[in-house]
Amino acid sequence: MPTTSWDLRLHALTAFMDAEGREPSTRSAIAGEHRLALWLDEQRKSVRAGRMGPARREILQQAGLLTADEIGSPRTGTAWLRVASVAEFVEEEGRLPSFVAPATAGEKRLAHWMHVQLSGRAAETEPLRALRAILDAVAVDGLAHTV
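Just so it is clear, the model here is predicted, and its values are computed rather than measured. (Residues numbered from 1 in each chain as written. Predicted model: local features only at pLDDT ≥ 70, side-chain atom pairs only at ≥ 80, totals over all residues. Heavy atoms only, no water.)

A. A look at the overall build of the chain. Check the secondary structure of the chain and you find seven helices and zero strands. For the chain, buried positions account for 31% of its 147 residues. Long-range pairs, those at least 24 residues apart, make up 49% of the contacts in the chain with a sequence separation of at least 6. With the model as given, the accessible surface of the chain reaches about 9000 Å², and the carbon-plus-sulfur share is 54%. (Helix = DSSP H or I, 4+ residues; strand = E, 2+ residues; numbered from the N terminus. Buried < 20%, exposed > 50% of the residue type's maximum accessible area, 1.4 Å probe, protein only. Contact = heavy atoms within 4.5 Å. Areas by Shrake-Rupley, 256 points an atom, 1.4 Å probe, with all protein chains shown as cover.)

B. Summary view of the nonpolar core. Counting 15 residues, the largest nonpolar core has Val83, Val86, Met114 and Leu131 as its most contacted members. Going through the elements one at a time, α5 (78-93), α6 (105-118) and α7 (126-141) are the ones with two or more residues in this core. Listed in part, the 13 residues of the second largest apolar core include Leu10, Val47, Met52 and Leu66. (Core = buried A, V, L, I, M, F, W, Y, C linked by side-chain atoms within 4.5 Å.)

C. Region of the structure containing a negative patch on the surface. Residues Glu88, Glu91, Glu92 and Glu93 make up a contiguous surface patch of negative charge. Among the structural elements, Glu88 can be located in helix α5. (Patch = residues over 30% accessible without salt bridge, like charges linked within 9 Å, V, L, I, M, F, W, Y side chains within 5 Å. Salt bridge = Lys/Arg side-chain N within 4 Å of Asp/Glu carboxyl O. Lys, Arg positive; Asp, Glu negative; His and termini not counted. Charge placed at Lys NZ, Arg CZ, Asp CG, Glu CD.)

Structure representation (C-alpha cells):
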C-alpha cells in the first residue's frame, strides 16, 4: 500500500503503464497522463543529477523506468560539479574553501555551498556523501579544516 506521495505517483505510473502498455507522454492532452510523464521526467533528472537516494533509485530501476545511461552514470549535474570543484580546490590549495577569509569570490561561493550542504537542511544524496568523504580525508591528512 503506497504511503507517501512519491509512492502514490509511482503506483499510478505503473498502473498506467500496465493498462496502456507504454510510458506516459508529455504531449498528451489527457491531464493525468501529462502529469505522470512530467513526474517521471523529474525522477530521471534527479537520478542523473545524483539527488535521488539509493532506495528510490533501486525502486525505479526494478520497475524498468531507468535507461542504461541513467543507471550507469549518475555523476552529472550541478551538485557533482561542485563536489569536483571542492576536490580540485583541496588538491591545489591544500585546504578547504574558506567562507570567512576567501581569496576569491569563487572560493567564497564554494564555501557557502559546502556550508548549506552540511547544515542538515540538504537531503542526504550521493554528492553530499562524496563531499563528506572529502572532508573526512582532509581531517585525516591534517589539512586546514575551516569552512
